[in-house]
Amino acid sequence: MTDPGMAEDNAVAGPPRKGKLKTILLLVIILVLAVGLSVAGTFWFLSKGSSGVAEDESATAEEDAFLPAEYMVMDRPLVTTIRDPGRQRYIQVYLAFESTEAPALAAAQKHLPLLRNALIAELGQLDFMELQTPEGRQGLPDRLLVAVNETLAAEGEPVLDRVLLRNFVVQ
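Now for a look at the structure at hand. Worth saying up front: this structure is predicted, and the values here are computed from it rather than measured.

The interhelical angle for the contact between helix α2 (residues 102–110) and helix α3 (residues 112–124), taken along N-to-C directions, is 80 degrees, at an axis separation of 5 Å. Judged on the interaxial angle alone, α3 and α2 are roughly perpendicular. On α3, the residues touching Ala 108, Gln 109 and Lys 110 of α2 are Leu 112, Pro 113 and Leu 115. Looking at the contact of α2 with α3 residue by residue, the classes come out as 4 nonpolar, 1 polar and 1 charged.

As structure tokens, this is what we get:
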């Protein structure tokens, strides 16, 4: 025979399980829908963004193609005196030239004695106190580039992109 107390326990225990099961099932469905919608939105966004980026890149790819730089290192340093009232000062500079065009570096190698002369003349115009400031030291490669490019242009050769300081000593 069945105990009337057990019937009440089963009756009370049954409906909450169904309610919990419905709640868990509803939460799982909502979670799956949320994940599915976020994945679908991500794919839509990426497909839309990548087509626009591909069009922009193809338009500028021809204009902004990456060209690796090449270098020519001057083995011997440039040594000359610089201006300083009351005392004789020297500068010693090791340089390298940078260009994305091989003909410009070949021209620099071809006219190296002429470039050394122009660079020594430019270094001789420097002021010792100017080279003691960060601005003076940072501006030196730009001044040397102007001197090099003017010399190369006067010879009808292509110009360089940068002059790099490998070593720099002022005494």
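What follows is about a nonpolar patch on the surface. A contiguous nonpolar surface patch, about 400 Å² in accessible area, is contributed by Leu 31, Val 35, Val 39 and Phe 43. As for its position among the elements, Val 39 is in helix α1 (residues 4–61). Taking relative accessible area as the criterion, Val 39 reaches 38% and is therefore assigned partly exposed.

All chains considered together, the criterion is met by 5 salt bridges. As a salt-bridge pair, Arg 89 and Asp 84 come within 2.9 Å of each other at their nearest N and O atoms. According to the relative accessible area criterion, Asp 84 is buried, its value standing at 17%. In this structure, Glu 122 engages Arg 143 in a salt bridge whose closest nitrogen and oxygen atoms are separated by 3.0 Å. Of this pair, Glu 122 sits in helix α3 while Arg 143 sits in helix α5 (residues 134–154), and the two are 21 residues apart along the sequence. The class of Glu 122 is partly exposed, set by a relative accessible area of 21%. Each of Glu 122, Glu 130 and Arg 143 takes part in salt bridges that share partners, so that together they form one network.

The rules we used
Residues numbered from 1 in each chain as written. Predicted model: local features only at pLDDT ≥ 70, side-chain atom pairs only at ≥ 80, totals over all residues. Heavy atoms only, no water. Axes fitted to C-alpha atoms, helices over the stretch in contact; angles between N-to-C directions. Helix = DSSP H or I, 4+ residues; strand = E, 2+ residues; numbered from the N terminus. Parallel < 35°, antiparallel > 145°, perpendicular 65-115°, else oblique. Contact = heavy atoms within 4.5 Å. Nonpolar A, V, L, I, M, F, W, Y, C, P; charged D, E, K, R; others polar. Patch = residues over 30% accessible without salt bridge, like charges linked within 9 Å, V, L, I, M, F, W, Y side chains within 5 Å. Areas by Shrake-Rupley, 256 points an atom, 1.4 Å probe, with all protein chains shown as cover. Salt bridge = Lys/Arg side-chain N within 4 Å of Asp/Glu carboxyl O. Buried < 20%, exposed > 50% of the residue type's maximum accessible area, 1.4 Å probe, protein only.

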